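Fold and contact review
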Amino acid sequence: MKIEFAASSLPNSGALVLGIAEGGKLPGVARAIEKASPGLLKRAMDSSRFEGKKGQSLMLVAPAGLGLSRLLLLGLGKADEIDSLVAESFGGAAIAPLLASGETQVRIAVDRIEGSPFGPPRFAAHAAYGALLRSYRFDKYRTKEKAEEKPSVKTLSVMVGNVEAAKRAFAPLEAIAGGVFLTRDLASEPANVIYPESLAAEAKKLSRLGVKVEVLGVPEMTKLGMGALLGVGQGSARESRLVVMQWKGAGDAQPIAFVGKGVTFDTGGISIKPAAGMEDMKWDMGGAAVVMGLLKALAARKAKVNVVGVAGLVENMPSGTAQRPGDVVKSYSGQTIEVINTDAEGRLVLADAIWYTNGRFKPKWIVDLATLTGAIIIALGEHRAGLFSNDETLAERILAAGQRVGELVWRMPIDEVYDKALASEIADVKNVSDGRGAGSITAAKFIQRFIDGAKWAHLDIAGVTWTKKDGPVTPKGATAFGVRLLESLVAAHYEKK
Ligand code: BES
Ligand code: MN
Ligand code: ZN
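**Regarding the coordination of the manganese ion (ligand 2)**
At 2.1 to 2.2 Å from the manganese ion (ligand 2) lie its protein donor atoms, namely D266 (OD), D343 (O), D343 (OD) and E345 (OE). Each of the 6 donor atoms around the manganese ion (ligand 2) contributes to a set of angles spanning 72 to 168°, which defines the coordination as irregular. Between the manganese ion (ligand 2) and the zinc ion (ligand 3), a spacing of 3.2 Å is present, and a bridge between the two is formed by D266. Note on D343: relative accessible area 23%, which makes it partly exposed.

As structure tokens, this is what we get:
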């Protein structure tokens, strides 16, 4: 789908979408419609109780007196509450019903909305961004799709007074969408296609954008002593990898660092998972995919920041070479770990990846992302990710960034008492806690043992990485939750002015 910005006018073909604020005046294009087909809008709105409330929608097919094939009215809610999220949801709601409708040309009319603090160019840019995000499809393996189910929209044209200003506002958003789409693609791929080596090869492609990408293989990691990460991968025919990405947009400034869990498939290992739903574990590399998508977004918009992205890539399989419950491994930090449950593997991977990141780069802080625990889904569902942090400023900023972009997080506690449950009889720590309670917190406490005093935040994204229902700007499937949040965190606080 091609996105363009164009001057406002009443088209005489294709689909037209109008955003209408609650009780607000009709936008300029609506006056042209009123002229061409007197009374049409008012009658349609009255007879369907359309008032411009947020989320309301009214589709008119082949409206009399107009050349349009469809006219879609969408409610924007109260004019003074319109912000970037409202604009993005509007864009998503505009494109969703039209994508496979047979329409090839969709136009969105964006006029000044009286009472809105949000200028038309920014509204137009965010509407286009929302539509773009919502238009995502992962369809490369559908070879027999019926013609009438295939996407039909070729061009989305956002009509706005100041075309140049809208284009300028859209450019960075388009870069972010590129990162989001990479993350969604990688998480959607099945595990026979995306495994540590092939995922590392995908990361390598970021070097086209100026990202420096290094890949450590098993010999290198063995030499360094990454026994925790390597233990997880030892049962798989696919060799483990550690991907190290660097984007240098701010000279020699101290970097910030993101570390992602990249379990390309999680069977549970010898502590094997039940069959039902195990296919979901192809997206157990969601954290790593977010880190890659984030670096792509930041590089694409040439962010003035130094960023390190590290992804620990392993496949967790049961086999004759697999790690056993009760095995003791030595982590890169030197701490020994008793592996009670081979299905608590993400924390083992992160332990070595984080120690490496901290030791080599001495970053300002580390944010890790991981589809880490089923327990966070019990606690927060699909609505919010769990946030664990030892730094108030960083935690506040992440919470606020999530609020801004509509990727919500919720702060969870990391009191010292939770750490006690990780005491092992024979090693420095064990990888699961005694008892069944607080599974997400004890997982975070395990990771914290490998933080070495750094400022740190951990996002448990197990509940938000995949969705079974369409959202405003996220079609069902991989969400790429975290890319927009962390991009916004960087943009707001960590770029050189
Ligand atoms: N990858 C899973 C967590 C997960 C569950 C992610 C569901 C997405 C959806 C993780 O490796 C895991 O298996 N965690 C265990 C930990 C337990 C053994 C302590 C869990 O949550 O059950
Ligand atoms: Mn697991
Ligand atoms: Zn896992």
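Having seen it, we continue.
**Brief notes about the pairing of strand 1 (residues 2-6)**
Burial of strand 1 is one-sided: the residues I3 and F5 facing one way are buried, the residues K2, E4 and A6 facing the other way are not. Sheet topology places strand 1 next to strand 6 (residues 155-159); 5 bridges connect them, and they run parallel. Directly across from F5, in strand 6, lies its bridge partner V158.

**With respect to the sheet that holds strand 6**
The strand order across the open sheet built from 6 strands is 1-6-5-2-4-3, with neighbouring strands paired in mixed fashion. Taken across any chain shown, the strands that pair with only one partner, and hence form the sheet edges, are strand 1 and strand 3 (57-61). Each neighbouring strand pair of the sheet contributes to a mean axis angle of 20°, computed without reference to strand direction. Across the face of the sheet, helix 1 (residues 28-36) comes into contact with strand 2 (15-21), strand 4 (70-77), strand 5 (105-109) and strand 6 while running at roughly 115° to strand 2.

**A few points about the packing of aromatic side chains**
Here the structure, examined in full by the defined rule, presents 9 aromatic pairs. With a centroid separation of 5.4 Å and 65° between ring planes, the pair formed by F5 and F170 is classed as edge-to-face. Residue F5 is located in strand 1, and its partner F170 is located in helix 5 (residues 163-188); the two are separated by 165 residues in the primary sequence. Owing to a relative accessible area of 4%, F170 belongs among the buried residues under this scheme. Plain terms: the ring middles of F446 and F450 are 5.2 Å apart, the flat faces sit at 40° to each other, and that makes the pair tilted. In this structure F446 comes out as buried when scored by relative accessible area, which is 0%. Classification of F450 by relative accessible area gives buried; the value is 0%. Pairwise contacts between aromatic rings join F258, W365 and Y494 into one cluster. Above the face of the Y195 ring, R238 is positioned so that its terminal group lies 3.7 Å from the ring centre.

**Some words on the environment of R112**
Turning to its location among the elements, R112 is positioned in the loop between strand 5 and helix 4 (120-134). For the pair R112 and G28, spaced 84 residues apart in the sequence, the C-alpha separation amounts to 8.4 Å.

**Concerning the site of ligand 1**
Near ligand 1 you find 17 residues, and of these K273, D284, D343, E345 and G374 are the closest. A distance of 2.8 Å separates an oxygen atom of ligand 1 from a polar side-chain atom of E345. Within the backbone of T371, one N or O atom sits 3.3 Å away from a nitrogen atom of ligand 1. Contact with the protein chains covers 77% of the free accessible surface of ligand 1, which is 520 Å².

**Here's the deal with the sheet that holds strand 12 (residues 336-339)**
Pairing is mixed in the open sheet, where 3 strands are placed in the order 11-12-16. Every interior strand has two partners, whereas the edge strands, strand 11 (327-330) and strand 16 (429-430), have only one. With 2 bridges connecting them, strand 12 and strand 16 associate as parallel partners. If you follow I337 over to strand 16, its bridge partner there is V429.

About the thresholds
Residues numbered from 1 in each chain as written. Chains lettered and ligands numbered in written order. Predicted model: local features only at pLDDT ≥ 70, side-chain atom pairs only at ≥ 80, totals over all residues. Heavy atoms only, no water. Donors = N, O, S within 2.8 Å, 3.2 Å for Na, K, Ca; no water. Tetrahedral: all angles 85-135°; square planar, octahedral: opposite > 155°, others 65-115°. Buried < 20%, exposed > 50% of the residue type's maximum accessible area, 1.4 Å probe, protein only. Helix = DSSP H or I, 4+ residues; strand = E, 2+ residues; numbered from the N terminus. Pairing = 2+ DSSP bridges. Axes fitted to C-alpha atoms, helices over the stretch in contact; angles between N-to-C directions. Contact = heavy atoms within 4.5 Å. Phe/Tyr/Trp six-rings, centres within 6.5 Å; stacked < 30°, edge-to-face > 60°. Lys NZ or Arg CZ within 6 Å of the ring centre and 35° of its normal. Near = heavy atom within 4 Å. Polar contact = N/O pair within 3.5 Å; in protein donor to acceptor, adjacent residues only side chain to side chain. Areas by Shrake-Rupley, 256 points an atom, 1.4 Å probe, with all protein chains shown as cover.

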